[in-house]
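Overview (structure and organization)
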Amino acid sequence: MNTTRTTQHAAGTATAPDSIRSVALSSVRLPLDTPVSDAKVFTGRQRPMTEVALLFAELTTAQGHAGVGFSYSKRAGGPGQFAHAREVAPDLIGEDPNDIGRLWTKLVWSGASVGRSGLATQALAAFDVALWDLKARRAGLPLAKLLGAHRDSVRVYNTSGGFLHTPVEALLENAAASLDGGVGGIKIKVGHPDHREDLRRLTAVRERLGDGVPLMADANQQWDRPTALRMGRALEEFGLVWLEEPLDAYDAQGHAALAAALDTPVATGEMLSSVAEHWELMRSGAADVIQPDAPRIGGITQFLKLAALAEHQHLQLAPHFAMEIHLHLAAAYPYEPWLEHFDWLEPLFEERLEIGDGRMRVPDRPGLGITLSEKVREWTVERCESGDPR
Ligand SMILES: [Mg+2]
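Residues numbered from 1 in each chain as written. Predicted model: local features only at pLDDT ≥ 70, side-chain atom pairs only at ≥ 80, totals over all residues. Heavy atoms only, no water.

**Topic: unusual backbone geometry**
With phi around 70°, Gln221 is a residue other than glycine that occupies positive phi space. The residue Gln221 is located in the loop between β8 (215-218) and α8 (225-235) in this model. Its relative accessible area of 12% is what places Gln221 among the buried residues. A positive phi is found at Phe321, a non-glycine position, where the angle reads about 60°. Tracing the chain through its elements places Phe321 in the loop between β12 (316-317) and α12 (323-331). (Helix = DSSP H or I, 4+ residues; strand = E, 2+ residues; numbered from the N terminus. Buried < 20%, exposed > 50% of the residue type's maximum accessible area, 1.4 Å probe, protein only.)

This is the structure:
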């Protein structure tokens, strides 16, 4: 049997296999303009967030193709992701970049001892995203088109203007600015220790924006079950698109009971770190809106498996953070999704995503459509290369 890895196409042309020539990893610390607090800070579980740690992977191939991907961590974990990625990166050298599924499996087995979720697979996400970017770039297609898009734009709502440290007047100004900029919905954080403060803030936002603007609220896991039920009932009058993370991220049964008790849809999933964990939520009926985060669950390959399961369960989709990646993945989901708008990562990229009429347009550039900016180099704290970068 001929074992040469040359593919013969119907048209009679042959495509030689490519191979990964180099992998460069950068550990980047992105400073935030203002320390950021959600309910986890108000309950004393976390300090205000002052920076985001990013792990960038840049791949090149023998045939001259390139791809870039990233993973990230908020608060601790960035150096750990970088260390794990650096350790397994040499396993990619010489491999065919087309074989993304096989490569994810190879990398996960390289670190099998540290598990198939969490930090270990978040480190692999940077490679996985870069491989998908490379594949779409080589095809000359935006990633959404390569995957099979259902739409050219995705409904977008803003989160970054609605944090709990933001005074209510600034909250209203941020919301107005987002809507003026073309964003289609507003999410504000709740979970203040004084529940009346949550109601005051939501009332002010609803009154200022009017009934027609889609509004979401996010408690960041800080209510217990009785509080979540009481607050969930109190919030019904605001006509929220969803109530997000009312309970601990791993309380599938609690979420399921709440989702059954409330008219307001319940959204959760951003903190989970594998498809298996998401499947536990789904089969428990814990979410009306599922909120996966591709970097957090191991990359795009894993996200696509999750999306197939979510579609089968007829769930709404609202991916968490990293809109530069999730725009493409949301565009390829069958049911109309929501995309989360955070402007935090914008300094890292040369391009700006186009927003208007409540939606974000899928860029017509190949791949993810991102180019790393000079800020990435400026904020790089550690870098390593495997293979032959030339
Ligand atoms: Mg959230």
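**Thoughts on the pairing of strand β3 (residues 20-36)**
Pairing of β3 with strand β4 (residues 49-61) involves 12 bridges; the strand directions are antiparallel. Paired with Arg29 across the strands is Ala53, a residue of β4. As paired strands, β3 and strand β16 (residues 380-387) are joined by seven bridges and run antiparallel to one another. Along β16, the bridge assignment pairs Leu25 with Cys384. (Pairing = 2+ DSSP bridges.)

**Topic: the coordination of the magnesium ion**
Coordination of the magnesium ion by the protein involves Asp218 (OD), Glu244 (OE) and Glu270 (OE), with metal-donor separations of 2.0 to 2.3 Å. Sequence positions of the donors to the magnesium ion reduce to the motif D-x25-E-x25-E. Residue Asp218 is located in strand β8, and its partner Glu244 is located in strand β9 (residues 242-244); the two are separated by 26 residues in the primary sequence. By the burial criterion, Asp218 is buried, and Glu244 matches it. (Donors = N, O, S within 2.8 Å, 3.2 Å for Na, K, Ca; no water.)

**A look at empty space enclosed by the protein**
A full pass over the atoms with the stated rule returns two cavities of 30 Å³ or more. The volume enclosed by the largest cavity comes to roughly 70 Å³. Together, Met323, Glu324, Glu346, Phe349, Glu351, Arg352, Leu353, Arg365, Gly369 and Ile370 line the largest cavity. Within the lining of the largest cavity, the residues separate by chemical class into four nonpolar, one polar and five charged. The computed volume of the second largest cavity comes to approximately 50 Å³. The wall of the second largest cavity is formed by Asn158, Gly161, Gly162, Leu171, Asn174, Ala175, Ser178, Ile186, Lys187, Ile188 and Val205. Counting only elements with at least two residues in the lining of the second largest cavity, the list comes to α6 (168-180) and β7 (185-189). (1 Å grid on protein atoms, 1.4 Å probe; cavity = no way out; pocket = protein on both sides within 12 Å on 5 of 7 lines; lining within 4 Å. Points joined across faces, edges and corners; volume = space filled by probe spheres on them. Nonpolar A, V, L, I, M, F, W, Y, C, P; charged D, E, K, R; others polar.)

**Some details on the packing of aromatic side chains**
Scanning all chains against the criterion turns up 12 aromatic pairs. Here the aromatic rings of Phe56 and Phe349 are separated by 6.4 Å at their centres, their planes lie at 75°, and the arrangement is edge-to-face. Placement of the pair is Phe56 in strand β4 and Phe349 in the loop between β13 (338-341) and β14 (355-356), with a sequence separation of 293 residues. With 5.7 Å between their ring centres and 25° between their planes, Phe163 and Trp344 make a pair best called stacked. Taken together, the residues Phe163 in the loop between β6 (153-158) and α6 and Trp344 in the loop between β13 and β14 connect sequence positions 181 residues apart. (Phe/Tyr/Trp six-rings, centres within 6.5 Å; stacked < 30°, edge-to-face > 60°.)

So, to be careful, I would describe these as geometric facts and stop short of saying anything about function.
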